[in-house]
Amino acid sequence: MSESEFDVVVIGAGPGGYVAAIKAAQLGLKTACVEKAALGGCCLNVGCIPSKALLHSSHLFAEATHGLDKFGVKLGGKVALDLPAMMAHKDQVVGASVKGIEFLFRKNKVAHVKGAATIAGPNAVKVAGADGKAVELKAKAIVVATGSESTPLPGVEIDEKRIVTSTGALALAEVPKKMVLIGAGVIGLELGSVWRRLGAEVEVVEFLDRICPGMDAEVAKNFQRLLEKQGLKFRLGAKVTGAKSGKSGVAVMVEPVKGGAAETLQADVVLVAIGRRPYTEGLGLEAAGVKTEKGRVVIDEHFRSSVPSIFAIGDVVRGAMLAHKAEDEGVAVAEIIAGQKGHVNYDAIPGVVYTAPEVAWVGKTEDELKAAGVPCRVGKVAFMGNGRARAAGATDGFCKVIADAKTDRILGVHILGAEAGTMIAEAVVAMEFGGSAEDLGRVCHAHPSLNETVKEAALAAWSQAIHA
Amino acid sequence: MDIKIPSLGESITEATISKWFKKEGDAVAQDEPVLELETDKVTVEVPAAAAGRLDRILAAAGSTVKIGEVVGAIAAGAAGGTASPIRSAPSAPPKAAAPATASPAAAAAPMPGPAGRKALAEAGLSASQVQGSGKDGRVTKADVAAGGAAPAKAAARAAGPRETRSKMSRLRQRIAERLKAAQNTAAMLTTFNEVDMGNVMRLRDRYKDNFEKRHGVRMGFMSFFVKACVQALKEIPAVNAEIDGDEIVYKNFYNIGVAVGTAQGLVVPVLRDCDELSLAGIEKAINEYGKRARDGKIGLEDLSGGTFTISNGGVYGSLNSTPILNPPQSGILGMHKIQPRPMAVGDKVEIRPMMYLALSYDHRIVDGREAVTFLVRVKECIEDPERLLLDV
């Protein structure tokens, strides 16, 4: 096999692509991964990771500002924000992670090809190299893992300075006085929280009459209430018809969806976070005969596109646009290409919002099950009753376990509370093994721990909680 | 639109679903077979009443169902393929949107974990085929490795199960029941003879091409035997009779069953009014039955009304046998393999193509003399086929 011939060429080095490449290499396939930007994709560079750095930093700032008195820690009003240092921390975290992937590629002998890829046939990928040279790679299998980009909103032109996507919102030079956030989804609420904690007045404009579609409705309602307590303002059932950037800031035109008087909101920064769309620009999918539907690559249950040698995973295909879903698909597609039976269980993919408190869930929501007519039992226990939560001052929220009424099998778990994103893992494991609420309730949980509330909720769904 | 078990004929009240040709979610064309039913006597395909998608299967393969029972439903006009896990939940019907895991069946066999599931998929096994050692009998990957290793070792010595059990098909159960009933009821006795096939073989060699050209069917020996039997039955009516209470019913028609082996078991379609059929007519009818037997398309009406049966074990190489009566009939002729044997012809020994004939009969109404005479008459007609022509 010559230098430009591979078993697998992965296009895109985001969480789906780089994991697929590493796994393929580990399975003994000669693998290349083509990326035109930094390794790690959106997740690592302008998504999950930097936002978590800012969420953590801003949370510490907010706690220091007004959260520590009750614990007997007095700072005497001397808390100051050093935004450049906060950003530097974030950049350092991102930089280390990118280096980490470079290291993993070297360790696993994945050829890292820098440049923009175009599919030139069922078994050929052309790369316009970052160094100006073009190369053609031969591949027995091609994996498209090009991810997604922020969905633009007509009438609102992004400049990434004052009218920004999540990318710009991660790198603002100063804390805006007023921020208008368009879209009450996961990404918007996380970044809105960051800037709210750092002092911005944040107003969220959402088209739907609820926040976070897809989240359990009861959880979403309580979540919204907690965010409002932190000072976020919500304008639900409102649509943005346009935004104009002027000298004194941005004017955002808003009107109720149901009709009514239009209003103009003034903001220093407008964050557009109405969703993401598959990113396949310049990839040459159409010319290669790869079928797409609404921009998403159409695949069969083995990630195979309409061209048998071309596979696709992650945000460019159906399903939730989540890094961990893409990662698991990356492993599965590599295994399938290597002749194994890779598989992703889409019924057990957790979702997390890294606000304070966090929101995490897996499986079906109560509304979905109701709509489907599945008889189920719901166990709901508040963190107020959890000793560890009271000690940490983290009593907001609750855990809800939903189990099949006949079989007791866990169908969904929804947590609103501190560390929810960490706690959800045990529910995912239980669901992967087809566990029942009783199973989860009978597993020994350390005391005192926040997870005890998950156990109690499971007991409540199965029969009765002890402490609630 | 419901899929109902159709009426399968008189006296049939239930059937067994032997298989579904379609899975839930599959597209079906109108009149396309959707499932196969097995009854005491036949297997029948049930076609789709309308084009659409197989929406629900309510009775799994292997279950016994009543005539008229609803065993599934077709969503008329719907496109197939929606059983894929990627479908969007809101537009799906409630049952389909529910997690498959919520069914009671899933509770019976606990779901293995992800590693166990992958190992099962790669071993081509289902969870029910492997003894699980995990919680509640869950299959772990170690269980699959242990279970999956067995077939590989089988090469050295049969390490597979020492016996396997499977349910008797209804057809097999019915065959068992009827054969045993025949033995219990009739005073069954078998008489033997042998026939020199030389003349019939010569006749066939001479005319087979013309015969096939003219009639579109190959010239076989079975038609000669059918004709010979009709002749003999006319002469010995008791062999064509049956007992009904304290009466003997003599039949003045000659419906001869010809046993045909199929994948499901033996079936005996009936050639009707053989006295009125030509040799070619008989061959055509046998040929037609053979085809339908292979396709599983023999209907109930094809199997009823026989007055006498011919069974040819010779096609499998049998040299001799004692056939069992097909009640309420009183006679059955067993044909066997044609075997060249040294025979005394005049004063010399000659190698002749010989076949043993066996007639099993119900001694309650057929006397020994009659049975022997019957068989001798068959032998004479085969050894001297002109007799068939002259009816002597």
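Residues numbered from 1 in each chain as written. Chains lettered and ligands numbered in written order. Predicted model: local features only at pLDDT ≥ 70, side-chain atom pairs only at ≥ 80, totals over all residues.

(A) Fine view of the pairing of strand S8 (residues 178-182) of chain A. All names here are of chain A. For S8, the tally of buried residues reaches four of five residues, placing the bulk of the element in the interior. Regarding topology, helix H6 (residues 186-197) serves as the crossover connection from S8 to the parallel strand S9 (residues 201-205), and that connection is right-handed. When S8 meets strand S14 (residues 269-272), the two strands line up parallel, connected through four bridges. Looking across to S14, one finds that Val-180 is bridged to Val-270. (Buried ≥ 20, exposed ≤ 12 C-beta atoms within 10 Å, placed from the backbone. Helix = DSSP H or I, 4+ residues; strand = E, 2+ residues; numbered from the N terminus. Right-handed = clockwise from strand over helix to strand, strands pointing away. Pairing = 2+ DSSP bridges.)

(B) Here's a closer look at the pairing of strand S8 (residues 70-76) of chain B. Residues and elements named next belong to chain B. With three bridges connecting them, strand S1 (residues 2-4) and S8 associate as antiparallel partners. Bridging across to S8, Lys-4 finds its partner in Val-70. Pairing of strand S6 (residues 52-57) with S8, which is carried by five bridges, proceeds in the antiparallel orientation. Residue pairing in the sheet places Leu-54 in a bridge with Ile-74 of S8.

(C) Summary view of the sheet that holds strand S20 (residues 358-363) of chain A. Residues and elements named next belong to chain A. Taken in spatial order, the five strands of this open sheet run S19-S20-S23-S22-S21, and their pairing is antiparallel. The sheet is open, and its two borders are formed by strand S19 (351-353) and strand S21 (376-382), each paired with just one other strand. Within this sheet the neighbouring strands show an average axis-to-axis angle of 10 degrees, counted without direction. Summarising the sheet, S20 and strand S23 (residues 410-417) pair through six bridges and their orientation is antiparallel. Across the sheet, Glu-358 pairs through a bridge with Gly-417, a residue of S23. (Axes fitted to C-alpha atoms, helices over the stretch in contact; angles between N-to-C directions.)

(D) Just the packing of helix H1 (residues 15-26) of chain A against helix H4 (residues 83-108) of chain A, in detail. Residues and elements named next belong to chain A. At a minimum axis distance of 9 Å, the contact between H1 and H4 shows a crossing angle of 20 degrees. Viewed along their axes, H1 and H4 adopt a mutual orientation that is roughly parallel. Seen along the crossing, H1 lies across H4 with a hand that is left-handed. Touching Tyr-18, Ile-22, Ala-25 and Gln-26 of H1 are Ile-101, Leu-104 and Asn-108, all from H4. (Parallel < 35°, antiparallel > 145°, perpendicular 65-115°, else oblique. Left-handed = near helix turned anticlockwise from the far one by under 90°. Contact = placed C-beta atoms within 7 Å.)

(E) Quick peek at the environment of Lys141(B). You can see Lys141(B) is positioned in helix H4 (residues 141-153). Each residue touching Lys141(B), except ones within four places of it in the same chain, is listed here: Ala115(B), Gly116(B) and Ala119(B).

(F) Spotlight on the sheet that holds S8(B). A sheet is described by the order of its strands in space; here four strands give the open sequence S1-S8-S6-S3 (chain B), paired in antiparallel fashion. Of all strands in the sheet, those with a lone pairing partner are S1 and strand S3 (27-28) of chain B, marking the two edges.

(G) Inspection of helix H12 (residues 420-432) of chain A at higher detail. Residues and elements named next belong to chain A. For H12, which comprises 13 residues, the first-to-last C-alpha distance of 18 Å matches the rise-based estimate of 18 Å (1.5 Å per residue) to within 8%. Within H12, the full set of buried residues consists of Ala-420, Met-423, Ile-424, Ala-427, Ala-430 and Met-431. At its buried positions, H12 is contacted by S19, S20, S23, helix H13 (437-442) and helix H14 (452-462). In the segment just after H12, Gly-434 is the residue with positive phi, at about 65 degrees. (Expected span 1.5 Å × (residues − 1).)

(H) Highlighting helix H9 (residues 323-337) of chain A. Residue and element names in this part refer to chain A. Between the first and last C-alpha of H9 there are 21 Å, a value that for 15 residues agrees with the 21 Å anticipated at 1.5 Å per step. The buried fraction of H9 amounts to 12 of the 15 residues, a majority that puts the element mostly inside the structure. Residues of H9 that are buried: Ala-323, Lys-325, Ala-326, Glu-327, Asp-328, Glu-329, Gly-330, Val-331, Ala-332, Val-333, Ala-334 and Ile-337. Among the structural elements, strand S1 (5-11), H1, helix H2 (41-46), helix H3 (48-66), strand S5 (134-144) and strand S18 (310-312) are those in contact with the buried residues of H9.

(I) Structural context of unusual backbone geometry. Geometrically, the link from His447(A) to Pro448(A) is a cis peptide bond, its omega value of -5 degrees lying close to zero. Along the chain, Pro448(A) turns up in the loop between H13 and H14. Residue Pro328(B) follows Pro327(B) across a cis peptide bond; omega there is 5 degrees. Along the polypeptide, Pro328(B) turns up in the loop between strand S16 (308-312) and strand S17 (331-335). Despite not being glycine, Lys294(A) shows a phi value in the positive range, around 50 degrees. As for its position among the elements, Lys294(A) is in the loop between strand S16 (292-293) and strand S17 (296-297).

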